[in-house]
Amino acid sequence: MGSSVWQCTSAKNWLYSNKQTSRIFAETMSIKQKNSPAHPGFFRRLCAIFYDTFLLVALLFIFTAIALPFNDGEAITRSPLYLGYLISICFLFFGWFWTHGGQTLGLRAWKLQILTTSGQPLSWRNAFFRFIWATLSWGLFGLGFLWILFDKEKKSLHDRLSGTQAFITAKD
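Applying the stated criterion across every chain yields a total of five salt bridges. A salt bridge links Arg45 to Asp159; the nearest nitrogen and oxygen atoms lie 2.9 Å apart. In this pair, Arg45 sits in helix H2 (residues 42-67) while Asp159 sits in helix H7 (residues 157-162), placing the two residues 114 residues apart along the sequence. The shortest N-O distance in the salt bridge between Arg160 and Glu153 comes to 3.1 Å. Glu153 gets classed as partly exposed once you look at its relative accessible area, which sits at 40%. Through salt bridges with shared partners, one network takes in Asp151, Glu153, Lys155 and Arg160.

Here we come to the packing of aromatic side chains. For the structure on display, the rule yields 13 aromatic pairs. Ring geometry for Tyr51 versus Trp110: centroids 6.0 Å apart, planes at 70°, classification edge-to-face. Here Tyr51, found in helix H2, pairs with Trp110, found in the loop between helix H4 (105-109) and strand E1 (112-116); they are 59 residues apart in sequence, far enough to count as distant. Note on Phe93 and Phe97: the rings are 5.2 Å apart at their centroids and 75° apart in plane angle, and the pair reads as edge-to-face. Remark: Phe97 and Phe93 occur in helix H3 (residues 80-99); sequence separation between them is four residues, near one turn of the helix. Overall, Phe97 belongs to the partly exposed group, its relative accessible area being 21%. Through successive ring pairs, a cluster of aromatic residues spans Phe91, Trp124, Phe128, Phe129 and Phe131.

Attention now moves to the nonpolar core. Counting 19 residues, the largest nonpolar core has Leu56, Leu60, Phe94, Trp98, Leu107, Ile114 and Phe131 as the members making the most contacts within it. Of all elements in the fold, only H2, H3, E1, helix H5 (124-139) and strand E2 (164-168) reach the threshold of two or more residues within this core. Residue contributions to this core peak at eight residues, all from H3. Setting aside its immediate chain neighbours within four residues, Leu56 contacts Cys90, Phe93 and Phe94.

The next point concerns the layout of surface pockets. Each pocket or cavity is described by its volume, and for the largest pocket that value is around 570 Å³. In terms of lining residues, the largest pocket is bounded by 25 residues, among which Ile49, Phe94, Ala134, Trp138 and Phe145 are the most central. Of all elements in the fold, only H2, H3 and H5 reach the threshold of two or more residues within the lining of the largest pocket. For the lining of the largest pocket, the element with the highest residue contribution is H2, accounting for eight residues. The residue inventory of the lining of the largest pocket, partitioned by class, reads 17 nonpolar, five polar and three charged.

In this model, H2 (26 residues) spans 36 Å end to end at C-alpha, consistent with the 38 Å of a helix rising 1.5 Å per residue. Within H2, the full set of buried residues consists of Phe42, Arg44, Arg45, Ala48, Asp52, Leu56, Leu60, Thr64 and Ala67.

What follows concerns the packing of H3 against H5. Axis separation between H3 and H5 bottoms out at 9 Å; the angle between their running directions is 130°. In this view, H3 runs oblique relative to H5, as classed from their interaxial angle. In terms of crossing hand, the pair formed by H3 and H5 is right-handed. Contact with H3, carried on its side by Ile87, Cys90, Phe91, Phe94, Gly95, Trp96, Trp98 and Thr99, involves Trp124, Ala127, Phe128, Arg130 and Phe131 of H5 and no other residues of that element.

Taken together, the side chains of Phe43, Leu46, Trp138, Leu140, Phe141, Leu143, Leu146, Leu149 and Phe150 make up a nonpolar region of the molecular surface, amounting to roughly 1,100 Å² of accessible area. Of all the secondary-structure elements, those providing two or more residues to the nonpolar patch are H2 and helix H6 (143-146). Looking at the element boundaries, Phe150 is found in the loop between H6 and H7. Given a relative accessible area of 72%, Phe150 falls into the exposed group.

Scoring rules and cut-offs
- Residues numbered from 1 in each chain as written.
- Predicted model: local features only at pLDDT ≥ 70, side-chain atom pairs only at ≥ 80, totals over all residues.
- Heavy atoms only, no water.
- Salt bridge = Lys/Arg side-chain N within 4 Å of Asp/Glu carboxyl O.
- Helix = DSSP H or I, 4+ residues; strand = E, 2+ residues; numbered from the N terminus.
- Buried < 20%, exposed > 50% of the residue type's maximum accessible area, 1.4 Å probe, protein only.
- Phe/Tyr/Trp six-rings, centres within 6.5 Å; stacked < 30°, edge-to-face > 60°.
- Core = buried A, V, L, I, M, F, W, Y, C linked by side-chain atoms within 4.5 Å.
- Contact = heavy atoms within 4.5 Å.
- 1 Å grid on protein atoms, 1.4 Å probe; cavity = no way out; pocket = protein on both sides within 12 Å on 5 of 7 lines; lining within 4 Å.
- Points joined across faces, edges and corners; volume = space filled by probe spheres on them.
- Nonpolar A, V, L, I, M, F, W, Y, C, P; charged D, E, K, R; others polar.
- Expected span 1.5 Å × (residues − 1).
- Axes fitted to C-alpha atoms, helices over the stretch in contact; angles between N-to-C directions.
- Parallel < 35°, antiparallel > 145°, perpendicular 65-115°, else oblique.
- Left-handed = near helix turned anticlockwise from the far one by under 90°.
- Patch = residues over 30% accessible without salt bridge, like charges linked within 9 Å, V, L, I, M, F, W, Y side chains within 5 Å.
- Areas by Shrake-Rupley, 256 points an atom, 1.4 Å probe, with all protein chains shown as cover.

Here it is, written out as structure tokens:
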């Protein structure tokens, strides 16, 4: 009989210690979840893209106006050099913001930030690959962006291919 009392007491102690361990584990997990950044959904990212599109179009108008005197004031049509010029401006626009804080003005307005999947700021190399893959995502009729709707981690195709991710920076 003495041994069964001992077994019962040790089982109680074991159960009690496991309850405490489970509670501590649950508290730790909830703290980690509160501190871990959330990933934005499709519509929030689309709104940020909408904002950035207005800024980028205005910038392209300005740089086109700068280029016009080099074409005798004539409209520039079907020039691969001009197309490369505009694509370079687009890359510099996004690349600059992504490598200097991870936020374009549209991303900032919607409280989003672009970082690597490990949470580090983007390098110019990361920005280049993200830009290339994002351009292809748009080139495929936006299918790379629609990927967000079906991805469990809410990553776009270019997020996956470039090793980057959009994060929500603050609670609303």
